[in-house]
Structures are given as C-alpha cells and as structure tokens.
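Results of the structural survey
What follows is the residue order along each chain.
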Amino acid sequence: MKTYEEIDKIVYAGPDSNEPFAFKYYNPDEVLAGKPMREHLKFAMSYWHTICAEGVDMFGSGTMDKSFGQSDPMAKFRAKADFAFGLMDKLDLDYYCFHDVDIAPEGATVRESLENFRLMVGYLKQLQEKHNKKCLWVTANNFGDKKFMAGAATSCSADVYAVAAAKVKACIDAAIELGATGYVFWGGREGYETLLNTNMGLELDNLARFLTMARDYGRAHGFKGDFYIEPKPKEPTKHQYDFDVATCMNFLRKYGLTGDFKMNIEANHATLAGHTFQHELRTAIVNDSFGSIDANQGDLFLGWDTDQFPTDVYNTTYCMMEVLKAGGFTNGGLNFDAKTRRPSNTLEDILLAYIAGMDSFALGLRKALALQADGRLDQFVEDRYASYRSGIGKTIVDGTATLESLSDYAMGLEGSLKLKEISYIHSEAYASGELKHGTISLIEPGTLVVALGTYAPLFDKAMSNVVEVKARGAEVLALTTEDFREKMEKTADATVSVPVTHPMLQPSLGVVPLQLFAYYMAVL
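Reading the values: the criteria
- Residues numbered from 1 in each chain as written.
- Predicted model: local features only at pLDDT ≥ 70, side-chain atom pairs only at ≥ 80, totals over all residues.
- Heavy atoms only, no water.
- Helix = DSSP H or I, 4+ residues; strand = E, 2+ residues; numbered from the N terminus.
- Rg over C-alpha atoms; globule rule 2.2 N^0.38 Å.
- Buried < 20%, exposed > 50% of the residue type's maximum accessible area, 1.4 Å probe, protein only.
- Contact = heavy atoms within 4.5 Å.
- Areas by Shrake-Rupley, 256 points an atom, 1.4 Å probe, with all protein chains shown as cover.
- Salt bridge = Lys/Arg side-chain N within 4 Å of Asp/Glu carboxyl O.
- Expected span 1.5 Å × (residues − 1).
- Pairing = 2+ DSSP bridges.
- Axes fitted to C-alpha atoms, helices over the stretch in contact; angles between N-to-C directions.
- Polar contact = N/O pair within 3.5 Å; in protein donor to acceptor, adjacent residues only side chain to side chain.
- Patch = residues over 30% accessible without salt bridge, like charges linked within 9 Å, V, L, I, M, F, W, Y side chains within 5 Å.
- Parallel < 35°, antiparallel > 145°, perpendicular 65-115°, else oblique.
- Left-handed = near helix turned anticlockwise from the far one by under 90°.
- Nonpolar A, V, L, I, M, F, W, Y, C, P; charged D, E, K, R; others polar.

**Some remarks on the overall build of the chain**
- Looking only at helices and strands, the chain has 18 helices and 15 strands in total.
- The globule rule puts the C-alpha radius of gyration for 524 residues at 24 Å, and the 32 Å found for the chain is more than 25% above it.
- In terms of its C-alpha atoms, the chain occupies a principal-axis envelope of roughly 100 × 60 × 45 Å.
- Scored against the burial criterion, the 524 residues of the chain give a buried share of 49%.
- Contacts in the chain between residues at least 24 apart in sequence constitute 71% of all its contacts with a sequence separation of at least 6.
- For the chain, the computed accessible surface area is about 25,500 Å², with 55% contributed by carbon and sulfur atoms.

Below is the structure:
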C-alpha cells in the first residue's frame, strides 16, 4: 500500500476500481442536476478531529502524534496548518471548519490566547489564498476548559460569561477575515445536571442575550453569513438546552432570533436525541432553518457520540434527499465531524476514512437524484394527501373550515357509513361545495338524496344544492334544525328536524335520526 507521502491526490477511478486511495463514486467536477458534485456536497474538513485529535479517550492516552516534529507552541500550530491544507489538497476538499483552540495554542492569559489566535488566523488566510481553499464556518470552544465546567453563556459566573463573549468576538472577527459563510454555536455545557441548583429561566434568558449580542456584533462588522445552532441533547452535560431542532426552534422563536439563526445538524446528535438524521433535517426544513450538516454516524449499540465517518449509504441517501428538497446548500455544507478509530493511527488511515465518507455521500447523492427523477415517491406523497386539494380538505388548508363545519361534515360521514353498515345500501357523503365537482352527474330521476342543513352558516348553500338535485329529479329527505324546518319543507320531499343547540353539539343531535334512518332502511 502507498504511503501518505507517495500519494499526490485522490482522484475518481469509478466503482469498479480496486485502488484503495481513489474515489469510487465522488467525481468532484461531474455535473449532476445542473451543478458539479463538489457544489452539491460542499465537503469540509473538521480541524479538531483531523488535525488535533490524537486518539485520546477516557480510558487511554493518545495513539498518534500530531505535533509534526515541533515543540514550540506556535511552530507546532503552523505545522498543523501546513499539514491541514496539504491534506485538503490531496482529498480535493474545498472547505474546512475549526474551533479557536484548534488552530492556536492557549496562552497564560486570555489576552495572550487571543493574540495567538489572531496571528494564526492571519496564517490560515495566507494558506487559503495559496491553496485556493475556503473556510466554511468558525466556532469558539466554550466547553473544553475547566472555566466552562458550568457552561459559558449559561454559566452561573458572570466572569466566565464575559470570557466566553471575548472568545466569540474573536471568532466572529476570524470568520469575517477568512470569508467564512457560517458561525456555529454548540452548547456542550449549556444546560444543567440538576434543577436543584439551576435557575433555568435566567440561564435561557442569558443565552438569548449572548446570541443576540453575537448577532448584533457580527452584522455591525460585516458578517453576512448564517449563524448556526448545533442541536445535541446530552453529553457532556446531562440535559442540554439545544436538545433537538424542535427545541432550538422554540427557543429562537421565543427570543425573536429566527431571522439570523439556522441549524447545523449532526447525524450522531440526532440519534442521541432519539430521532433519525432525516427527521432532524426535515424538521429544520419545514421550519425554514436548514443551514449546514456535520456528517458522521453513531453506533446504535453505544449510548454516546462516537463521531464515526459515515458509511451507511441508506442514511446518506436519505440525507441528500432532504438536502435536495431544501434546494441544496447555500451558506452551509457537509463538514466531516468524524474521527478515525483509536487503532487507526496513521496518516494513510485518515485518507481512507475521508474517502469512505466522501464516497458514501457521493453515492447517496446519486441515489437521491435517481429517486427524485423516478418520481414515484413524490407522487405517492402527493396522492396520499389528495383529499386536501378539494372539498372539505381544501377548506381546511384555506383556513375557512371551522370546528362547527367539520363537525357537520363528520355527521354526514357517520350517517352514510351507518347506512352502508346496517342496510348494505351504497351511500356516499359529500360536502355541499363538492356537488358540482362531478357528483351532480350521478343524480337521475328517483335518486334518493339525504340533505343535511343543520349548520346555520352553510344552510343557504345546502338549500341551493337541494334545489339543484330536485331539478334533476332527485327525491330529497332533509335533516335540519327546527328554526329552518319551514324553509326546508318548501323544497324537500320529506323533512326531519332536531332541536337547536350549541353549534358544537348540533351534530350529536343530528346523527341520531340518521342512525335511525339506517336502521329502518335495514328492516324494511
């Protein structure tokens, strides 16, 4: 097998290739549905997992050295950056994402840390221009250091809150300087362990104040991209305020932030919340908050965030179906928030992991486009909800239906059903407004029509329909209320009336004579 240094660039070789260091399904510049695959997928490298993570877990030390031969802190992070952009060149990745602590060493003070960060942002900018790469989004690590043990924007300490704000300010400045189109908030510590020591209302209000200040600062200084919230229900905190997309949307609506904030959805976070990845994507789409994706997968047999490279083509297909429904990415993309397993501790393993993830999403895109072109799934959904395109369903969608009108309609359905159940005489119930949509063509001399005129706001329309069917020779048995009996008797062949009561209770009275009618039809 080739070594990392021997590999110049991963290229597309097709699905029949046996070359491990080649794409089987990802052909970056192949045009599908009007745009290149690279624009459909907008793959990004995660700096933290790929460039920083060395295989450390709670049970053991690192298995990989990513100091790149350097001991001086700043020299080490410049070497990391050089490697990162070289890796992106090999994989033909166009984007990358990072936390502040991923790209620069922590200093002895906040001021020193921010200065190190500022210098490294300048270095990344040079590398971006040299390698023709882009920053997809930036975020602040406001969860790793011990000062954030009780949160950042929801911390019980105002001093910690201020330090978190300083870090976010620096990261927004970096996003602007690097041309990033997104800024992410992930609340790993924004939550609580027990309500016995938590002022939830204050914490949520403070979180909203924090996000509002960040939004206002960004917009005032030229950031035109999207702000993202990344939902996650737990880990490291027992209960996190950004539990899932629905929870985040409720929060954003309460505090008036929906205009600037969208969702950055991670597959493994969705499963931790008890949802499918597709569910979270669709929830974001129907709430006009779909933004970006952290691409990975978890292990259904494990109860934590394993951040595995995505290889389940069913999930990548479902994902890309949702992305296509959303019209594709705008400012967001597919960031591989994924890491190699602890024993996979070579640079070659990093390449193979990315190839697997990129090919899985590329194949998912191809399958999603094929399903879209086939059209059967979309047609199935369209047909399934056909009842809302006309008749009573259309009044629901149009907003003209009321509980009273629906109850009145349901009474007709019940009466028709009872006639069929008891007497075995075929009967169909229709809303009055549907009469001229084909139903009237069934009327011929002697046809029995049971007309319901118990809902006052629609009585005149019901009477109009009675006149129409009488003109075609129908025999009309009418059910109405006592206050409309006289009017109905002038046209109908026979009229039954029930007492007038509350509109919501009227169908309960009206259904009784309909059931009796079915009974007597059966025993005749």
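**Side note on the pattern of salt bridges**
- Applying the stated criterion across every chain, the model contains 27 salt bridges.
- A salt bridge links Lys394 to Asp398; the nearest nitrogen and oxygen atoms lie 2.9 Å apart. Of this pair, Lys394 and Asp398 both sit in helix α14 (residues 391-398), four residues apart, which is roughly one turn of that helix.
- Overall, the relative accessible area of 38% leaves Lys394 in the partly exposed class.
- The residue Asp493 makes a salt bridge to Lys470 at a minimum N-O spacing of 2.8 Å. A residue pair is termed long-range when its members are at least 10 positions apart, and Asp493 in the loop between α17 (485-489) and β15 (494-498) and Lys470 in helix α16 (residues 459-471) qualify at 23 residues.
- Residue classification places Asp493 among the partly exposed residues on the basis of a relative accessible area of 42%.
- A relative accessible area of 27% places Lys470 in the partly exposed class.

**Side note on helix α12 (residues 347-374)**
- Taking 1.5 Å of rise per residue, the 28 residues of α12 would be expected to cover 40 Å, and the 41 Å separating its terminal C-alpha atoms lies within 8% of that figure.
- Residue Gly375 follows α12 closely and has a positive phi angle near 85 degrees.

**A few points about the sheet that holds strand β4 (residues 95-99)**
- Spatially, β3-β4-β5-β6-β8-β10-β11-β12 is the arrangement adopted by the eight strands of the closed barrel, whose pairing is parallel. Neighbour-to-neighbour, the strand axes of this sheet turn through a mean angle of 30 degrees, independent of strand direction.
- Alignment of strand β11 (residues 290-294) against strand β12 (residues 334-336), held across two bridges, turns out to be parallel. By the bridge assignment, Ile293 is partnered in β12 with Leu334.

**Overview of the side chain of Arg38**
- Summarising the element assignment, Arg38 is placed in helix α1 (residues 37-41).
- Note on Arg38: relative accessible area 15%, which makes it buried.
- There is a polar contact of 2.9 Å between the side chain of Arg38 and the side chain of Asp92.
- Once residues within four sequence positions are removed from consideration, Arg38 is found in contact with Tyr26, Pro28, Asp29, Asp92 and Asp94.

**Digging into a nonpolar patch on the surface**
- On the surface, a cluster of nonpolar side chains totalling about 590 Å² of accessible area is made up of Phe380, Val381, Tyr385, Tyr388, Ile396 and Val397.
- Elements with a contribution of two residues or more to the nonpolar patch: α13 (376-384) and α14.
- Structurally, the position occupied by Tyr388 is in the loop between α13 and α14.

**Side note on helix α7 (residues 200-220)**
- For α7, built from 21 residues, the straight-helix expectation of 30 Å at 1.5 Å per residue is met to within 8% by its first-to-last C-alpha distance of 30 Å.
- Those residues of α7 not exposed but buried are Glu203, Leu204, Asn206, Leu207, Ala208, Phe210, Leu211, Ala214, Arg215, Tyr217 and Gly218.
- In this fold, the buried residues of α7 make contact with α6 (158-178), β6 (182-185), β7 (191-192), β8 (226-229), α8 (245-254) and β10 (261-266).
- One or two residues past the end of α7 sits Gly222, with phi positive at roughly 100 degrees.

**Concerning the packing of helix α3 (residues 73-91) against α12**
- Contact geometry for α3 and α12: axes closest at 11 Å, N-to-C directions at 45 degrees. When the interaxial angle is binned, α3 and α12 end up oblique. The way α3 lies across α12 gives a crossing that is right-handed. For the pair α3 and α12, the contacting residues are Phe83, Leu87, Lys90 and Leu91 in the first and Leu347, Ile350, Leu351, Tyr354, Ile355 and Met358 in the second.
- Classifying every residue of the contact of α3 with α12 by side-chain character gives nine nonpolar, no polar and one charged.

**Some points on the environment of Ser289**
- In this fold, Ser289 is placed in the loop between α10 (277-286) and β11.
- For Ser289, a relative accessible area of 1% corresponds to the buried category.
- Separated by 60 residues in the primary sequence, Ser289 and Ile229 have C-alpha atoms spaced 9.9 Å apart.
- When sequence neighbours within four positions are dropped, the list of residues in contact with Ser289 reads Met249, Lys262, Met263 and Ala284.

**Concerning the packing of α3 against helix α5 (residues 110-131)**
- Put simply, α3 and α5 touch, their axes get as near as 11 Å, and they point 25 degrees apart. The orientation of α3 relative to α5 falls into the category roughly parallel. As α3 runs across α5, the sense of the crossing is right-handed. Contacts between α3 and α5 pair Met74, Phe77, Arg78, Ala81, Asp82, Phe85 and Asp89 from the former with Asn116, Leu119, Met120, Tyr123, Leu124, Leu127, Gln128 and His131 from the latter.
- Here the contact of α3 with α5 is composed, by residue class, of nine nonpolar, three polar and three charged.

**A word on the sheet that holds β15**
- With parallel pairing, the three strands of this open sheet are ordered in space as β13-β14-β15. A strand with exactly one partner marks an edge of an open sheet, and here the two such strands are β13 (448-453) and β15. For this sheet, the mean inter-axis angle between neighbouring strands, taken without regard to orientation, is 15 degrees.
- Those strands touched by α16 are β13 and β14 (475-481), and its axis lies near 165 degrees from that of β13.

**Focus on the pairing of β10**
- Of all the six residues making up β10, five are buried; the element is thus mostly covered by neighbouring parts of the structure.
- Pairing of β8 with β10, which is carried by three bridges, proceeds in the parallel orientation. Bridge assignment links Phe227 to a residue of β10, and that residue is Phe261.
- Judged from the four bridges that link them, β10 and β11 form a sheet pairing that is parallel. Of the residues in β11, the one forming a bridge with Asn264 is Ser292.

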